[in-house]
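Survey of secondary and tertiary structure
Below are the chains, spelled out letter by letter.
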Amino acid sequence: MSAVRQDAWSPEDDLMLAEVTLRHIREGSTQLLAFEEVGERIGRTAAACGFRWNSCVRKKYEAAIQIAKAQRQKRSSRKHAMSEEARTASVATADVDSGTRYESGAEEAISFDGIIRFLRQWKGTQTELNRQIRQLEKELREKDEELARLREENERLSSEVNHVQTDYRTVNDDYKALIQIMDRARKMAFLVEDEEELKSRFKMDANGNLERIE
């Protein structure tokens, strides 16, 4: 099992990087400012945060990035529209009487309605982002469970390998001992044969002397 680097990115670091970067995109800020903010919060450089975002985290949030960009565009359009409405209302107030001030109030009410619609859309987008985050957290838990299962399987297989190696050494030792016993038995058989052959070559005469048999 490989060692974990002390400076490795944790899932919490990746999640913070994604949340902050998406927020900056929605608000029309730059990703560099997002990386600097994340770097200050987790003790890393902005360059390290940018590299992590582009190399690993970004591809997991492509859908959320598109949503954030759309929100940024809507927000910019609404701000521009509200500025135009405010300018128009200001000109109308300067040129007309109390009746036109009522119309200005109507324009202001319309602006508030736009803000309410925007907030409702924002709520829907946040709900979708929260759903995606929960889905990612679920996938992360599943990956952790799978990793734990694979570690247990690895430990079991390692234990079986150790048992097999032990059995192999035992069988090997028994085999060597059997070979030694067979060698000794073969040598003893040769000695007995030599003894019998030696006895068969001589016989004892009537005077108790040995004589060779041709």
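Residues numbered from 1 in each chain as written. Predicted model: local features only at pLDDT ≥ 70, side-chain atom pairs only at ≥ 80, totals over all residues. Heavy atoms only, no water.

Bringing the overall build of the protein chain into the picture now. For the protein chain, the helix and strand inventory stands at five helices and two strands. Sequence-ordered secondary structure for the protein chain, helices as α and strands as β, is α-α-α-α-α-β-β. Across the 214 residues in the protein chain, those meeting the buried criterion constitute 16%. In the protein chain, once contacts between residues fewer than 6 apart in sequence are set aside, the share between residues at least 24 apart is 56%. Summed over all atoms, the accessible surface of the protein chain reaches about 16,700 Å², with 54% contributed by carbon and sulfur. (Helix = DSSP H or I, 4+ residues; strand = E, 2+ residues; numbered from the N terminus. Buried < 20%, exposed > 50% of the residue type's maximum accessible area, 1.4 Å probe, protein only. Contact = heavy atoms within 4.5 Å. Areas by Shrake-Rupley, 256 points an atom, 1.4 Å probe, with all protein chains shown as cover.)

Let us now look at the packing of helix α1 (residues 11–26) against helix α3 (residues 46–57). Between α1 and α3, the shortest axis-to-axis distance is 11 Å and the interhelical angle comes to 95°. Taken together, α1 and α3 sit at an angle that is classed as roughly perpendicular. Contacts between α1 and α3 pair Asp14, Leu17, Ala18 and Thr21 from the former with Cys49, Arg52, Trp53 and Val57 from the latter. Split by residue class, the contact of α1 with α3 holds five nonpolar, one polar and two charged. (Axes fitted to C-alpha atoms, helices over the stretch in contact; angles between N-to-C directions. Parallel < 35°, antiparallel > 145°, perpendicular 65-115°, else oblique. Nonpolar A, V, L, I, M, F, W, Y, C, P; charged D, E, K, R; others polar.)

In regions of low pLDDT, the predicted coordinates are not meant to be interpreted in detail. Here the protein chain averages 78 in pLDDT, while 71% of its residues score no lower than 70. When the criterion is pLDDT under 50, residues 1–5 qualifies, and its contacts beyond four places in sequence or with other chains add up to one contact. (pLDDT = per-residue confidence, 0-100.)

A few words on the pattern of salt bridges. Two side chains bearing opposite charge may form a pair once their charged atoms approach each other closely. Per the stated rule, a full pass over the model turns up eight salt bridges. A salt bridge links Glu37 to Arg23; the nearest nitrogen and oxygen atoms lie 2.5 Å apart. Placement of Glu37 in helix α2 (residues 31–42) and of Arg23 in helix α1 is noted, with a sequence separation of 14 residues between them. The class for Glu37 is partly exposed, based on a relative accessible area of 22%. Under the relative-accessibility criterion, Arg23 is labelled partly exposed at 27%. The partner of Arg131 in a salt bridge is Glu128, with the nearest N and O atoms 2.7 Å apart. (Salt bridge = Lys/Arg side-chain N within 4 Å of Asp/Glu carboxyl O.)

We now examine the layout of surface pockets. Size it by volume and the largest pocket reaches roughly 480 Å³. Contributing to the lining of the largest pocket are 16 residues, with Ser10, Pro11, Asp14, Lys60 and Leu140 lying nearest its centre. Those elements that place two or more of their residues in the lining of the largest pocket are α1, α3 and α5 (98–200). Ranked by the residues each element gives to the lining of the largest pocket, the list is headed by α5, at six residues. For the lining of the largest pocket, the residue count by class is eight nonpolar, one polar and seven charged. (1 Å grid on protein atoms, 1.4 Å probe; cavity = no way out; pocket = protein on both sides within 12 Å on 5 of 7 lines; lining within 4 Å. Points joined across faces, edges and corners; volume = space filled by probe spheres on them.)

This part takes up the environment of Phe118. Within the secondary structure, Phe118 is located in helix α5. Linking Phe118 and Arg75, residues 43 residues apart in sequence, is a C-alpha distance of 8.2 Å.

With that settled, the discussion passes to a negative patch on the surface. Together, Glu139, Glu142, Asp144 and Glu145 make up a region of like negative charge exposed at the surface. Locating Asp144 in the fold gives a position in helix α5. Taking relative accessible area as the criterion, Asp144 reaches 45% and is therefore assigned partly exposed. (Patch = residues over 30% accessible without salt bridge, like charges linked within 9 Å, V, L, I, M, F, W, Y side chains within 5 Å. Lys, Arg positive; Asp, Glu negative; His and termini not counted. Charge placed at Lys NZ, Arg CZ, Asp CG, Glu CD.)

Turning to the nonpolar core, a few remarks are in order. The tendency in soluble globular proteins is for nonpolar side chains to be buried side by side. Counting 17 residues, the largest nonpolar core has Leu17, Leu22, Cys49, Trp53, Val57, Tyr61 and Ile65 as the members making the most contacts within it. For this core, the secondary structure elements donating two or more residues are α1, α2, α3 and α4 (62–95). Of the residues forming this core, the biggest block, five residues, is contributed by α1. Other than its neighbours up to four places away in sequence, Leu22 contacts Tyr61, Ala64, Ile65 and Ala68. (Core = buried A, V, L, I, M, F, W, Y, C linked by side-chain atoms within 4.5 Å.)

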